[in-house]
Amino acid sequence: QVQLVESGGGLVQAGGSLRLSCAASRSIFSINVMGWYRQAPGNQRELVATITSRGSTNYADSVKGRFTISRDNAKNTVYLQMNSLKAEDTAVYYCNANRVGWGQVGYWGQGTQVTVSS
């Protein structure tokens, strides 16, 4: 099990940047997949980016070239660098952790609000 706490959200103008952090309560060295998801009001939660223990990354088409996910195992933290933000990026962003034995859903943080104004 692991507890996750997101931070770094806020209000930013279109074209600006934010860096989100996901701090884990214990080592993420053995967590197979860490990911960022987002959910806007009235919408389903959608995948933004994932990073595996091998360092492989995947991104939603809507954020490719603008967002970068990274992992610092020494700090037990996963980051999401968001550049060239658009109004449609506005959502609550959630961190997720999963590994073998944790089931399909894994563990979620409480979320951090990102609001992009145009």
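First, a word on what this report is: a plain description of the structure on this page. Predicted model only: the values in this text are computed from it and were never measured. (Residues numbered from 1 in each chain as written. Predicted model: local features only at pLDDT ≥ 70, side-chain atom pairs only at ≥ 80, totals over all residues. Heavy atoms only, no water.)

With respect to burial, strand 9 (residues 91-98) is a largely interior element, 7 of its 8 residues being buried. In this structure, strand 4 (residues 33-39) lies alongside strand 9, joined through 7 bridges in antiparallel fashion. When the sheet's bridge partners are listed, R38 is paired in strand 9 with Y93. Inspection of the sheet shows strand 9 paired to strand 11 (residues 112-117) by 3 bridges, in the antiparallel sense. The residue of strand 11 that forms the bridge with Y93 is T112. Bridge count for strand 9 against strand 10 (residues 107-108) is 2 bridges, and the pairing is antiparallel. Opposite A97, over in strand 10, you have Y107 as the bridge partner. (Buried < 20%, exposed > 50% of the residue type's maximum accessible area, 1.4 Å probe, protein only. Helix = DSSP H or I, 4+ residues; strand = E, 2+ residues; numbered from the N terminus. Pairing = 2+ DSSP bridges.)

With that settled, the discussion passes to the pattern of salt bridges. Inspection of every chain in the model, using the stated rule, returns 4 salt bridges. We note a salt bridge from D89 to R38, for which the minimum N-O separation is 2.9 Å. Of this pair, D89 sits in the loop between strand 8 (77-82) and strand 9 while R38 sits in strand 4, and the two are 51 residues apart along the sequence. Under the relative-accessibility criterion, R38 is labelled buried at 6%. Ionic pairing is found between R66 and D89, a salt bridge with its closest N-O pair at 2.8 Å. Of this pair, R66 sits in the loop between strand 6 (57-59) and strand 7 (67-72) while D89 is found in the loop between strand 8 and strand 9, placing the two residues 23 residues apart along the sequence. Look at R66 and you get buried, because its relative accessible area is 10%. Among the residues examined, D89 registers a relative accessible area of 0% and is labelled buried. (Salt bridge = Lys/Arg side-chain N within 4 Å of Asp/Glu carboxyl O.)

What follows covers the nonpolar core. M34, W36, L80, M82 and Y93 are the most contacted members of the largest nonpolar core, which has 28 residues in total. Breaking this core down by element, the ones donating at least two residues are strand 3 (18-24), strand 4, strand 5 (46-52), strand 7, strand 8, strand 9 and strand 11. When residues no more than four places from it in sequence are discounted, the contact partners of M34 are L4, C22, I28, A49, T50, I51, I69, V78, C95, N96 and A97. (Core = buried A, V, L, I, M, F, W, Y, C linked by side-chain atoms within 4.5 Å. Contact = heavy atoms within 4.5 Å.)

Right, let's get into the sheet that holds strand 3. The strand order 1-3-8-7 describes an open sheet built from 4 strands, whose pairing is antiparallel. In this open sheet, the two edge strands, each paired with only one partner strand, are strand 1 (4-7) and strand 7. In this sheet, adjacent strand axes meet at a mean angle of 15° when their direction is disregarded. Bridge count between strand 3 and strand 8: 6 bridges; the pairing is antiparallel. The partner of L20 across the bridge, within strand 8, is L80. (Axes fitted to C-alpha atoms, helices over the stretch in contact; angles between N-to-C directions.)

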